[in-house]
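Tertiary structure, described
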Amino acid sequence: MKLYQVVFHLDEPIEIKARGVLTNIDNLLNDMGDDAVQVELLANGAGVQVYLRNPGIFQEQIDRLKGRGVRFVACNNSLRALDIQLKDLMDSVEIVPAGVTELVMKQSEGWAYIKP
Amino acid sequence: MKLYQVVFHLDEPIEIKARGVLTNIDNLLNDMGDDAVQVELLANGAGVQVYLRNPGIFQEQIDRLKGRGVRFVACNNSLRALDIQLKDLMDSVEIVPAGVTELVMKQSEGWAYIKP
Amino acid sequence: MKLYQVVFHLDEPIEIKARGVLTNIDNLLNDMGDDAVQVELLANGAGVQVYLRNPGIFQEQIDRLKGRGVRFVACNNSLRALDIQLKDLMDSVEIVPAGVTELVMKQSEGWAYIKP
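Conventions adopted
- Residues numbered from 1 in each chain as written.
- Chains lettered and ligands numbered in written order.
- Predicted model: local features only at pLDDT ≥ 70, side-chain atom pairs only at ≥ 80, totals over all residues.
- Heavy atoms only, no water.
- Least-squares fit on C-alpha atoms with pLDDT ≥ 70 in both.
- Contact = heavy atoms within 4.5 Å.
- Axes fitted to C-alpha atoms, helices over the stretch in contact; angles between N-to-C directions.
- Helix = DSSP H or I, 4+ residues; strand = E, 2+ residues; numbered from the N terminus.
- Parallel < 35°, antiparallel > 145°, perpendicular 65-115°, else oblique.
- Left-handed = near helix turned anticlockwise from the far one by under 90°.
- Nonpolar A, V, L, I, M, F, W, Y, C, P; charged D, E, K, R; others polar.
- Buried area = accessible area lost by both parts, 1.4 Å probe.
- Salt bridge = Lys/Arg side-chain N within 4 Å of Asp/Glu carboxyl O.
- Polar contact = N/O pair within 3.5 Å; in protein donor to acceptor, adjacent residues only side chain to side chain.
- Pairing = 2+ DSSP bridges.
- Buried < 20%, exposed > 50% of the residue type's maximum accessible area, 1.4 Å probe, protein only.
- Arc of directions from axis to C-beta.

The next point concerns the relation of the copies chain C and chain B. Once turned by 120° and shifted 0.0 Å along the axis, chain C lies on chain B with an RMSD of 0.0 Å. The relationship between the two copies is best expressed as a three-fold rotation axis. Minimal C-alpha separation from the rotation axis in chain C is found for K115 of chain C, amounting to 4.0 Å. In this assembly, only 12% of the residues forming the interface of chain C have copies in chain B that are likewise at the interface, indicating a heterologous arrangement.

Okay, structure coming up:
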(Lines give C-alpha, C1' and ligand atoms only; values in the text may rest on other atoms or scores of the structure.)
Protein backbone atom coordinates (compact mmCIF):
# COMPACT_ATOMS: atom_id res chain seq x y z
CA MET A 1 0.00 0.00 0.00
CA LYS A 2 1.25 3.45 -0.89
CA LEU A 3 2.14 5.62 2.07
CA TYR A 4 0.93 9.19 1.70
CA GLN A 5 2.76 12.00 3.50
CA VAL A 6 1.64 15.52 4.27
CA VAL A 7 2.88 18.49 6.24
CA PHE A 8 0.32 21.00 7.50
CA HIS A 9 1.56 24.55 8.01
CA LEU A 10 0.29 26.84 10.76
CA ASP A 11 1.73 30.32 11.24
CA GLU A 12 -1.07 32.32 12.81
CA PRO A 13 -2.04 32.53 16.48
CA ILE A 14 -5.74 32.44 15.65
CA GLU A 15 -7.72 29.89 17.66
CA ILE A 16 -10.17 29.13 14.84
CA LYS A 17 -7.23 28.38 12.50
CA ALA A 18 -5.66 26.01 15.00
CA ARG A 19 -8.97 24.29 15.61
CA GLY A 20 -9.43 23.98 11.84
CA VAL A 21 -6.06 22.39 11.18
CA LEU A 22 -6.53 19.86 13.99
CA THR A 23 -9.97 18.98 12.61
CA ASN A 24 -8.38 18.62 9.15
CA ILE A 25 -5.85 16.15 10.56
CA ASP A 26 -8.58 14.21 12.37
CA ASN A 27 -10.64 14.01 9.18
CA LEU A 28 -7.64 12.94 7.13
CA LEU A 29 -6.73 10.09 9.48
CA ASN A 30 -10.33 8.98 9.75
CA ASP A 31 -10.74 9.02 5.98
CA MET A 32 -7.43 7.47 4.87
CA GLY A 33 -6.65 5.37 7.95
CA ASP A 34 -3.85 5.98 10.44
CA ASP A 35 -1.48 3.59 8.63
CA ALA A 36 -2.00 5.07 5.15
CA VAL A 37 -0.76 8.57 5.79
CA GLN A 38 2.09 10.16 7.70
CA VAL A 39 1.15 13.58 9.09
CA GLU A 40 3.18 16.44 10.51
CA LEU A 41 2.02 19.82 11.77
CA LEU A 42 4.74 22.43 11.38
CA ALA A 43 4.09 25.59 13.34
CA ASN A 44 6.20 28.70 12.91
CA GLY A 45 5.77 32.42 13.46
CA ALA A 46 3.04 33.15 15.98
CA GLY A 47 1.55 29.74 15.11
CA VAL A 48 3.86 28.12 17.67
CA GLN A 49 1.55 29.45 20.38
CA VAL A 50 -0.83 26.56 19.64
CA TYR A 51 1.70 24.41 21.51
CA LEU A 52 1.73 26.44 24.72
CA ARG A 53 1.14 24.28 27.77
CA ASN A 54 -0.74 27.19 29.22
CA PRO A 55 -3.64 27.71 28.55
CA GLY A 56 -3.28 24.43 26.62
CA ILE A 57 -6.62 24.72 24.82
CA PHE A 58 -5.62 21.99 22.36
CA GLN A 59 -3.56 19.81 24.71
CA GLU A 60 -6.00 16.90 24.77
CA GLN A 61 -6.55 16.89 21.00
CA ILE A 62 -2.82 17.17 20.27
CA ASP A 63 -1.91 14.37 22.67
CA ARG A 64 -4.60 12.16 21.16
CA LEU A 65 -3.41 12.84 17.59
CA LYS A 66 0.19 12.27 18.67
CA GLY A 67 -0.97 8.85 19.84
CA ARG A 68 -2.22 8.22 16.30
CA GLY A 69 1.23 8.98 14.88
CA VAL A 70 1.05 12.69 14.08
CA ARG A 71 4.25 14.69 14.65
CA PHE A 72 3.90 18.16 16.15
CA VAL A 73 6.85 20.37 15.29
CA ALA A 74 7.79 23.92 16.29
CA CYS A 75 10.28 26.31 14.69
CA ASN A 76 13.05 27.30 17.09
CA ASN A 77 13.63 30.66 15.38
CA SER A 78 10.02 31.52 16.16
CA LEU A 79 10.25 30.30 19.76
CA ARG A 80 13.30 32.51 20.33
CA ALA A 81 11.66 35.52 18.65
CA LEU A 82 8.62 35.13 20.94
CA ASP A 83 10.74 34.34 24.01
CA ILE A 84 9.01 30.99 24.51
CA GLN A 85 10.99 28.41 26.50
CA LEU A 86 10.97 24.66 25.96
CA LYS A 87 9.32 24.18 29.35
CA ASP A 88 6.40 26.30 28.15
CA LEU A 89 5.56 23.76 25.42
CA MET A 90 3.50 20.58 25.58
CA ASP A 91 5.49 17.35 25.86
CA SER A 92 4.16 16.20 22.48
CA VAL A 93 6.09 18.91 20.63
CA GLU A 94 9.42 18.50 18.82
CA ILE A 95 11.73 21.36 17.82
CA VAL A 96 13.47 22.03 14.51
CA PRO A 97 16.00 24.86 14.04
CA ALA A 98 14.06 26.55 11.20
CA GLY A 99 10.45 25.82 10.24
CA VAL A 100 10.89 26.94 6.64
CA THR A 101 13.77 24.51 6.13
CA GLU A 102 11.53 21.73 7.41
CA LEU A 103 8.80 22.73 4.90
CA VAL A 104 11.27 22.83 2.01
CA MET A 105 12.91 19.51 2.86
CA LYS A 106 9.67 17.63 3.44
CA GLN A 107 8.31 18.77 0.07
CA SER A 108 11.58 17.89 -1.65
CA GLU A 109 11.09 14.37 -0.23
CA GLY A 110 7.64 14.20 -1.85
CA TRP A 111 5.41 15.26 1.02
CA ALA A 112 2.25 17.18 0.17
CA TYR A 113 1.79 20.65 1.69
CA ILE A 114 -1.46 22.02 3.06
CA LYS A 115 -1.88 25.52 4.49
CA PRO A 116 -5.31 25.75 6.18
CA MET B 1 2.64 19.24 -24.99
CA LYS B 2 3.04 18.86 -21.25
CA LEU B 3 -0.22 18.99 -19.30
CA TYR B 4 0.06 21.06 -16.13
CA GLN B 5 -2.23 20.31 -13.20
CA VAL B 6 -3.12 22.44 -10.20
CA VAL B 7 -5.50 22.31 -7.29
CA PHE B 8 -6.57 25.60 -5.70
CA HIS B 9 -7.55 25.45 -2.04
CA LEU B 10 -10.27 27.63 -0.50
CA ASP B 11 -11.26 27.25 3.15
CA GLU B 12 -12.54 30.67 4.13
CA PRO B 13 -16.04 32.10 3.64
CA ILE B 14 -14.64 35.51 2.70
CA GLU B 15 -16.11 36.93 -0.49
CA ILE B 16 -12.90 38.71 -1.51
CA LYS B 17 -10.98 35.42 -1.18
CA ALA B 18 -13.49 33.59 -3.37
CA ARG B 19 -13.43 36.36 -5.94
CA GLY B 20 -9.63 36.25 -5.89
CA VAL B 21 -9.36 32.50 -6.46
CA LEU B 22 -11.84 32.60 -9.36
CA THR B 23 -9.88 35.48 -10.92
CA ASN B 24 -6.69 33.43 -10.43
CA ILE B 25 -8.25 30.52 -12.31
CA ASP B 26 -9.46 32.81 -15.11
CA ASN B 27 -5.99 34.34 -15.44
CA LEU B 28 -4.33 30.92 -15.43
CA LEU B 29 -6.54 29.57 -18.22
CA ASN B 30 -6.16 32.74 -20.26
CA ASP B 31 -2.39 32.68 -19.86
CA MET B 32 -1.67 28.96 -20.34
CA GLY B 33 -4.63 28.01 -22.53
CA ASP B 34 -7.56 25.80 -21.54
CA ASP B 35 -5.93 22.66 -22.98
CA ALA B 36 -2.55 23.16 -21.30
CA VAL B 37 -3.66 23.01 -17.69
CA GLN B 38 -6.11 20.96 -15.64
CA VAL B 39 -7.62 22.96 -12.78
CA GLU B 40 -9.58 21.98 -9.70
CA LEU B 41 -10.92 24.18 -6.92
CA LEU B 42 -11.17 22.25 -3.67
CA ALA B 43 -13.29 23.97 -1.04
CA ASN B 44 -13.44 22.74 2.52
CA GLY B 45 -14.24 24.23 5.92
CA ALA B 46 -16.36 27.35 5.61
CA GLY B 47 -15.00 27.74 2.07
CA VAL B 48 -17.74 25.41 0.79
CA GLN B 49 -20.16 28.33 1.13
CA VAL B 50 -18.82 29.68 -2.17
CA TYR B 51 -20.86 26.93 -3.80
CA LEU B 52 -24.22 27.85 -2.24
CA ARG B 53 -26.94 28.19 -4.84
CA ASN B 54 -28.34 30.96 -2.72
CA PRO B 55 -27.28 33.78 -2.88
CA GLY B 56 -25.15 32.31 -5.70
CA ILE B 57 -22.90 35.35 -6.06
CA PHE B 58 -20.39 33.35 -8.10
CA GLN B 59 -22.84 31.07 -9.95
CA GLU B 60 -22.29 32.60 -13.38
CA GLN B 61 -18.49 32.67 -13.08
CA ILE B 62 -18.34 29.11 -11.74
CA ASP B 63 -20.62 27.75 -14.49
CA ARG B 64 -18.53 29.52 -17.12
CA LEU B 65 -15.25 28.15 -15.72
CA LYS B 66 -16.80 24.68 -15.47
CA GLY B 67 -17.51 25.01 -19.20
CA ARG B 68 -13.77 25.59 -19.68
CA GLY B 69 -12.97 22.34 -17.89
CA VAL B 70 -12.45 23.43 -14.28
CA ARG B 71 -13.66 20.98 -11.61
CA PHE B 72 -15.38 22.46 -8.55
CA VAL B 73 -15.17 20.14 -5.57
CA ALA B 74 -16.60 20.34 -2.05
CA CYS B 75 -15.61 18.43 1.08
CA ASN B 76 -18.47 16.35 2.45
CA ASN B 77 -17.16 16.51 6.03
CA SER B 78 -17.45 20.28 5.83
CA LEU B 79 -20.94 20.17 4.29
CA ARG B 80 -22.12 17.95 7.12
CA ALA B 81 -20.51 20.13 9.78
CA LEU B 82 -22.26 23.19 8.35
CA ASP B 83 -25.55 21.33 7.76
CA ILE B 84 -25.48 22.14 4.04
CA GLN B 85 -27.52 19.78 1.83
CA LEU B 86 -26.66 18.69 -1.71
CA LYS B 87 -29.71 20.55 -3.02
CA ASP B 88 -28.28 23.77 -1.58
CA LEU B 89 -25.25 23.54 -3.89
CA MET B 90 -24.82 24.66 -7.50
CA ASP B 91 -25.11 21.91 -10.11
CA SER B 92 -21.49 22.46 -11.14
CA VAL B 93 -20.20 21.12 -7.81
CA GLU B 94 -18.88 17.61 -7.13
CA ILE B 95 -18.48 16.08 -3.67
CA VAL B 96 -15.54 14.20 -2.16
CA PRO B 97 -15.70 12.49 1.25
CA ALA B 98 -12.76 14.45 2.70
CA GLY B 99 -11.22 17.57 1.20
CA VAL B 100 -7.84 17.02 2.83
CA THR B 101 -7.56 13.55 1.31
CA GLU B 102 -8.22 15.08 -2.09
CA LEU B 103 -5.45 17.66 -1.52
CA VAL B 104 -2.97 14.97 -0.43
CA MET B 105 -3.77 12.60 -3.29
CA LYS B 106 -3.68 15.25 -6.00
CA GLN B 107 -0.26 16.44 -4.84
CA SER B 108 1.01 12.86 -4.64
CA GLU B 109 -0.01 12.54 -8.31
CA GLY B 110 2.11 15.60 -9.16
CA TRP B 111 -0.47 18.36 -9.08
CA ALA B 112 0.68 21.80 -7.96
CA TYR B 113 -1.03 23.38 -4.94
CA ILE B 114 -2.02 27.03 -4.62
CA LYS B 115 -3.64 28.55 -1.56
CA PRO B 116 -4.82 32.08 -2.44
CA MET C 1 25.22 18.90 -2.76
CA LYS C 2 21.50 18.87 -3.50
CA LEU C 3 20.08 22.25 -4.46
CA TYR C 4 16.75 22.96 -2.80
CA GLN C 5 14.25 25.30 -4.47
CA VAL C 6 11.25 27.09 -3.03
CA VAL C 7 8.76 29.69 -4.13
CA PHE C 8 7.08 31.79 -1.45
CA HIS C 9 3.62 33.14 -2.30
CA LEU C 10 2.34 36.52 -1.10
CA ASP C 11 -1.09 37.80 -2.16
CA GLU C 12 -2.16 40.08 0.66
CA PRO C 13 -1.25 43.74 1.20
CA ILE C 14 -0.84 43.24 4.94
CA GLU C 15 2.42 44.63 6.33
CA ILE C 16 2.79 41.95 8.97
CA LYS C 17 2.46 39.25 6.28
CA ALA C 18 5.14 40.86 4.14
CA ARG C 19 7.44 41.26 7.11
CA GLY C 20 6.81 37.60 7.99
CA VAL C 21 7.66 36.25 4.54
CA LEU C 22 10.87 38.29 4.36
CA THR C 23 11.87 37.02 7.80
CA ASN C 24 11.07 33.48 6.61
CA ILE C 25 13.41 33.93 3.65
CA ASP C 26 16.15 35.36 5.87
CA ASN C 27 15.83 32.43 8.27
CA LEU C 28 15.87 29.92 5.42
CA LEU C 29 19.05 31.32 3.89
CA ASN C 30 20.73 31.58 7.28
CA ASP C 31 19.78 28.01 8.15
CA MET C 32 20.47 26.24 4.82
CA GLY C 33 23.13 28.54 3.43
CA ASP C 34 22.80 30.86 0.42
CA ASP C 35 24.25 28.27 -1.97
CA ALA C 36 22.03 25.39 -0.84
CA VAL C 37 18.65 26.85 -1.71
CA GLN C 38 17.19 28.87 -4.56
CA VAL C 39 14.44 31.21 -3.39
CA GLU C 40 11.76 33.19 -5.21
CA LEU C 41 9.05 35.42 -3.80
CA LEU C 42 6.05 35.52 -6.10
CA ALA C 43 3.62 38.33 -5.33
CA ASN C 44 0.23 38.58 -6.98
CA GLY C 45 -3.11 40.17 -6.16
CA ALA C 46 -2.74 43.00 -3.70
CA GLY C 47 0.50 41.37 -2.53
CA VAL C 48 2.39 43.20 -5.30
CA GLN C 49 2.16 46.34 -3.18
CA VAL C 50 5.09 45.04 -1.13
CA TYR C 51 7.23 46.04 -4.10
CA LEU C 52 6.12 49.67 -4.28
CA ARG C 53 9.06 52.04 -4.34
CA ASN C 54 6.95 54.38 -2.31
CA PRO C 55 6.70 54.13 0.69
CA GLY C 56 9.29 51.37 0.17
CA ILE C 57 9.06 49.99 3.71
CA PHE C 58 10.86 46.82 2.70
CA GLN C 59 13.25 48.30 0.11
CA GLU C 60 16.41 47.75 2.14
CA GLN C 61 15.52 44.20 3.16
CA ILE C 62 14.49 43.25 -0.39
CA ASP C 63 17.65 44.71 -1.92
CA ARG C 64 19.77 42.89 0.64
CA LEU C 65 18.02 39.55 -0.02
CA LYS C 66 18.29 40.11 -3.77
CA GLY C 67 22.04 40.42 -3.20
CA ARG C 68 21.92 36.95 -1.60
CA GLY C 69 20.30 35.53 -4.75
CA VAL C 70 16.58 35.77 -3.99
CA ARG C 71 14.34 36.58 -6.98
CA PHE C 72 11.48 38.99 -6.39
CA VAL C 73 8.70 38.53 -8.92
CA ALA C 74 5.42 40.38 -9.53
CA CYS C 75 2.34 39.29 -11.51
CA ASN C 76 1.61 41.62 -14.40
CA ASN C 77 -2.13 40.85 -14.35
CA SER C 78 -2.20 42.15 -10.78
CA LEU C 79 -0.14 45.25 -11.59
CA ARG C 80 -2.56 46.14 -14.40
CA ALA C 81 -5.61 45.50 -12.20
CA LEU C 82 -4.20 47.83 -9.54
CA ASP C 83 -2.95 50.38 -12.10
CA ILE C 84 0.62 50.09 -10.86
CA GLN C 85 3.31 51.11 -13.36
CA LEU C 86 6.75 49.57 -13.75
CA LYS C 87 8.34 52.81 -12.61
CA ASP C 88 6.44 52.50 -9.32
CA LEU C 89 8.28 49.27 -8.48
CA MET C 90 11.67 48.74 -6.85
CA ASP C 91 14.52 47.94 -9.25
CA SER C 92 14.95 44.52 -7.67
CA VAL C 93 11.58 43.31 -9.01
CA GLU C 94 11.02 41.18 -12.12
CA ILE C 95 7.67 40.81 -13.92
CA VAL C 96 5.90 37.67 -15.13
CA PRO C 97 2.71 37.79 -17.23
CA ALA C 98 0.65 35.68 -14.77
CA GLY C 99 1.64 34.88 -11.20
CA VAL C 100 -0.43 31.69 -11.04
CA THR C 101 1.33 30.30 -14.11
CA GLU C 102 4.66 30.94 -12.40
CA LEU C 103 3.47 29.06 -9.29
CA VAL C 104 2.25 26.11 -11.36
CA MET C 105 5.39 25.87 -13.48
CA LYS C 106 7.81 26.19 -10.59
CA GLN C 107 6.05 23.39 -8.69
CA SER C 108 5.97 21.22 -11.82
CA GLU C 109 9.76 21.66 -11.94
CA GLY C 110 10.02 20.36 -8.37
CA TRP C 111 10.10 23.58 -6.40
CA ALA C 112 8.52 23.55 -2.94
CA TYR C 113 5.68 25.99 -2.24
CA ILE C 114 5.21 27.97 0.97
CA LYS C 115 2.30 30.32 1.64
CA PRO C 116 3.04 32.30 4.82
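The next thing to look at is the packing of helix 1 (residues 15-32) of chain A against helix 2 (residues 59-67) of chain A. Residue and element names in this part refer to chain A. Relative orientation of the contacting elements helix 1 and helix 2 amounts to 30°, with a least axis distance of 11 Å. Considering their axes alone, helix 1 and helix 2 lie roughly parallel with respect to each other. The handedness of the crossing between helix 1 and helix 2 is left-handed. Residues L22, T23, I25, D26 and L29 of helix 1 form the contact with helix 2, whose participating residues are Q61, I62, R64 and L65. Taken together, the residues that form the contact of helix 1 with helix 2 break down as five nonpolar, two polar and two charged.

Let's shift gears to the relation of the copies chain A and chain B. Mapping chain A onto chain B leaves a residual RMSD of 0.0 Å; the transformation is a rotation of 120° accompanied by 0.0 Å of translation along its axis. The two copies present different faces, since only 13% of the interface residues in chain A are matched by interface residues at the equivalent positions in chain B.

Another aspect to go through is the interface of chain C and chain B. Facing 16 residues of chain C, the contacting portion of chain B comprises 15 residues. Buried surface at the junction of chain C and chain B, both sides included, amounts to about 1300 Å², of which 61% is carbon and sulfur. The interface formed by chain C and chain B holds one salt bridge in total. Its salt-bridge partner being E12 of chain C, residue K17 of chain B comes within 3.8 Å of it at the nearest N-O pair. At the junction of chain C and chain B, the tally comes to five residue pairs in polar contact (both at pLDDT 80 or more). When residues in the side of chain C that touches chain B are grouped by element, the largest group, seven residues, is from helix 4 (residues 99-108) of chain C. Looking at the side of chain C that touches chain B residue by residue, the classes come out as seven nonpolar, six polar and three charged.

Okay, the sheet that holds strand 1 (residues 4-10) of chain C next. Spatially, the five strands line up as an open sheet ordered 4-3-2-1-5 (chain C), and their pairing is parallel. Of all strands in the sheet, those bounded by a partner on one side alone are strand 4 (93-96) and strand 5 (112-114) of chain C. Strand-to-strand twist across the sheet, computed as the mean angle between neighbouring axes with direction ignored, equals 30°. In this structure, strand 1 of chain C lies alongside strand 2 (residues 37-43) of chain C, joined through seven bridges in parallel fashion. Within the sheet, the bridge partner assigned to V7 of chain C lies in strand 2 of chain C and is E40 of chain C. Across the sheet, helix 4 (residues 99-108) of chain A touches strand 1 and strand 5 of chain C, and the angle it forms with strand 5 of chain C is around 145°.

Residues and elements named next belong to chain B. For helix 2 (residues 59-67), the full list of buried residues reads Q61, I62 and L65. Down the axis of helix 2, the sector holding all buried residues measures 95°, keeping them to one side. Exposed side of helix 2, more than 90 degrees from the buried face: E60 and G67 are the residues found there. Buried residues along helix 2 sit against helix 1 (15-32) and strand 3 (71-75). Just beyond helix 2, the residue with positive phi is G69, at close to 105°.

Once that is clear, we can look at the side chain of S92 of chain A. You can see S92 of chain A is positioned in the loop between helix 3 (76-81) and strand 4 (93-96). In this structure S92 of chain A touches I62, D63, K66 and F72 of chain A, once residues within four positions along its chain are discounted.

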